[in-house]
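Descriptive analysis of the structure
Residues per chain, in single letters:
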Amino acid sequence: MSGLPLRGDLMAELVRRLEQLDQLLTQLEDAKQQAADASEHLMHTRRWQEETVRTIQEERARMRQRQHALDELAERARAAVEAMRATYRTLPREVIELDIEVQVLERSGFLSRRVRRPRI
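Summary of the structure given here. (Residues numbered from 1 in each chain as written. Predicted model: local features only at pLDDT ≥ 70, side-chain atom pairs only at ≥ 80, totals over all residues. Heavy atoms only, no water.)

1. Observations concerning the pattern of salt bridges
Counted under the stated rule, the structure contains 10 salt bridges. In this structure, R46 and E50 form a salt bridge, with 3.6 Å as the shortest nitrogen-oxygen distance. Placement of both R46 and E50 in helix α1 (residues 3-87) is noted, with a separation of four residues, approximately one turn of the helix. Take R46: its relative accessible area is 48%, and that puts it in the partly exposed class. For E50, a relative accessible area of 38% puts it in the partly exposed group. Ionic pairing is found between R78 and E75, a salt bridge with its closest N-O pair at 3.0 Å. Of this pair, R78 and E75 both sit in helix α1, separated by three residues, roughly a single helical turn. With relative accessibility at 7%, the residue R78 sits in the buried group. Look at E75 and you get buried, because its relative accessible area is 18%. (Salt bridge = Lys/Arg side-chain N within 4 Å of Asp/Glu carboxyl O. Helix = DSSP H or I, 4+ residues; strand = E, 2+ residues; numbered from the N terminus. Buried < 20%, exposed > 50% of the residue type's maximum accessible area, 1.4 Å probe, protein only.)

Right, here's the structure in full:
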C-alpha cells in the first residue's frame, strides 16, 4: 500500500510537468509568431525605406536640373543686360528691373555660386 501514494504523487508530478511543458510550448509558439510578425514588419519597413531613398534621389536629380536651368537662365539674362549696356546709352526700365531681379536671386542664394564675368 505504501507504493500507491508514491505512484499517485508521481502521476500528479507528471501531469504538472506536462502542463508546464504545454505552457512553454504555447509561449514558444507565441514568440515564434511574434518573430515572424516582426520580420514581416522589418521587410515592409525596409521596402518603404528603399522607396523613400529612391524618391529622395529622384527629387534631388530634379532639383539639380531645375537649379541648372535657373542658373543658365540667369546667365543668359546677365549676358543680355551686359550686351544692351554695351550697345545702348540708356536701358529700358524692364532691362534694369531684370538686372536687379537677377542680382536679388544671386544675393538670396537662389543661384549657384558661379564665377561671374566682370561687368564692363
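2. Observations concerning a nonpolar patch on the surface
Together, M11, L14, L18, L21, L25 and L28 make up an exposed nonpolar region whose accessible area comes to about 590 Å². Its location among the elements puts L18 in helix α1. (Patch = residues over 30% accessible without salt bridge, like charges linked within 9 Å, V, L, I, M, F, W, Y side chains within 5 Å. Areas by Shrake-Rupley, 256 points an atom, 1.4 Å probe, with all protein chains shown as cover.)

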